[in-house]
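The chain contents come next:
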Amino acid sequence: MTHRRVLIALTAAFVLTLSSCYKNKVYNNYHHTQIAGWEKNDTLYFDIPPMTRPGTYAMRLGLRTNNAYPFMGLSLIVESTVYPGKAERSDTLNCSLVDSNGNVKGQGVSFYQFNFQVTTLQLHSGDSLHVMVRHDMKREILPGISDVGIELTRQ
C-alpha cells in the first residue's frame with residue numbers, strides 16, 4: 001500500500017510540474033504558407049482573443065522551414081494592434097537561420113523549427129491583439145518556409 005501511495009504522489013507531482021510550464025501560454029497558433037512559396041504580398045493574420053488577466057506578455061514568432069529555403073537569414077515585419085485602444089507597434093525581425101559554419105540553428109533534421117522573440121507587451125484585462133506577419137526579402141516568392149506562428153506567454 002505504501003508503494004502505491006508513493007507512486008501516486010510522484011505521478012501527481014510530475015503532472016503538476018508539466019502543467020505549470022504551460023499555464024502561462026495564452027496563445028499559440030501557426031499558419032501554413034503556400035507550397036510553391038511564401039509570396040511577399042501574402043500577409044499572415046493572427047487574432048488573439050481578449051486577455052483574462054492583466055500583466056506583461058512576451059510575444060514570440062515560430063518559424064518552420066525545410067531544406068528548400070535558399071538563404072541564411074530571413075527578414076520579417078511583425079505589426080501588432082492592441083484593442084480596444086488601437087495601440088499599434090511594428091517590429092522588424094532579422095532572423096539568423098544558419099551560423100557562420102553553415103550549421104542550421106533550428107531544431108530538426110529535414111524540417112527545422114525556429115523561435116524568435118518579437119516584443120514584450122503590457123496588456124490589460126479585456127485587451128486583444130491583431131498581429132500581421134509578412135516577409136521583407138528582395139525575392140518575391142520564398143520557397144522552403146512551411147509555417148509561421150505567433151505565441152503569447154504571460155510572464
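Here is a short report on the structure shown in this document.

### Points about the overall build of the protein
1) Next: When helices and strands are tallied, the protein shows 1 helix and 11 strands.
2) Next: When its helices and strands are written in sequence order, the protein yields α-β-β-β-β-β-β-β-β-β-β-β.
3) Next: Counting over 155 residues, the protein shows a buried share of 38%.
4) Next: Long-range contacts, defined here as pairs at least 24 residues apart, represent 77% of the contacts in the protein between residues at least 6 apart.
5) Next: Counting only carbon and sulfur atoms, one obtains 54% of the accessible surface of the protein, whose full area is about 9600 Å².

### Notes on the sheet that holds strand S6 (residues 87-96)
1) Next: Taken together, the 4 strands give an open sheet; going across it, the order is S3-S9-S5-S6, and neighbouring strands pair in antiparallel fashion. With one partner strand each, in any of the chains shown, strand S3 (44-48) and S6 form the two edges of the open sheet. Along the sheet, successive strands turn relative to each other by an average axial angle of 20°, direction set aside.
2) Next: The sheet contact formed by strand S5 (residues 73-83) and strand S9 (residues 128-135) spans 8 bridges and is antiparallel. Following the sheet pairing, Val78 is matched in S9 by Val133.

### Structural notes on the packing of aromatic side chains
1) Next: On inspection of all chains with the given rule, the structure shows 2 aromatic pairs.
2) Next: A centroid spacing of 5.7 Å and a plane angle of 75° characterise the contact between Tyr69 and Phe71, whose relative ring orientation is edge-to-face.
3) Next: Judged by relative accessible area, Tyr69 falls into the buried class, the value being 10%.
4) Next: Looking at Phe71, the relative accessible area reads 33%, which means it is partly exposed.
5) Next: Judged by centre distance (6.2 Å) and plane angle (10°), the rings of Phe114 and Phe116 are stacked.
6) Next: The exposure class assigned to Phe114 is buried, which follows from its relative accessible area of 5%.

### Some thoughts on the pairing of S6
One face of the sheet, then the other: side chains in a regular strand alternate in exactly this way.
1) Next: With 10 bridges joining them, S5 and S6 adopt antiparallel strand pairing. Paired with Val78 across the two strands is Asp91, which belongs to S6.
2) Next: The hairpin formed by S5 and S6 contains 3 residues between the paired strands, and Lys86 there has a positive phi angle of roughly 60°.

### Describing the sheet that holds strand S8 (residues 111-123)
1) Next: An order of S1-S11-S4-S8-S7 is seen for the 5 strands of this open sheet, with the pairing classed as antiparallel. Each edge of the open sheet carries a strand with a single partner, namely strand S1 (25-32) and strand S7 (107-108).
2) Next: Where strand S4 (residues 55-66) meets strand S11 (residues 145-154), 9 bridges bridge the pair, whose relative direction is antiparallel. Note that in S11 the partner of Thr65 across the bridge is Ile145.

### Observations regarding the side chain of Ser80
1) Next: Take Ser80: it is sitting in strand S5.
2) Next: Taking relative accessible area as the criterion, Ser80 reaches 4% and is therefore assigned buried.
3) Next: When neighbours within four sequence positions are excluded, Ser80 is seen to be in contact with Met59, Ala87, Glu88, Arg89, Leu129, His130 and Val131.

Conventions adopted
Residues numbered from 1 in each chain as written. Predicted model: local features only at pLDDT ≥ 70, side-chain atom pairs only at ≥ 80, totals over all residues. Heavy atoms only, no water. Helix = DSSP H or I, 4+ residues; strand = E, 2+ residues; numbered from the N terminus. Buried < 20%, exposed > 50% of the residue type's maximum accessible area, 1.4 Å probe, protein only. Contact = heavy atoms within 4.5 Å. Areas by Shrake-Rupley, 256 points an atom, 1.4 Å probe, with all protein chains shown as cover. Pairing = 2+ DSSP bridges. Axes fitted to C-alpha atoms, helices over the stretch in contact; angles between N-to-C directions. Phe/Tyr/Trp six-rings, centres within 6.5 Å; stacked < 30°, edge-to-face > 60°.

This is a description of form; function is not addressed.
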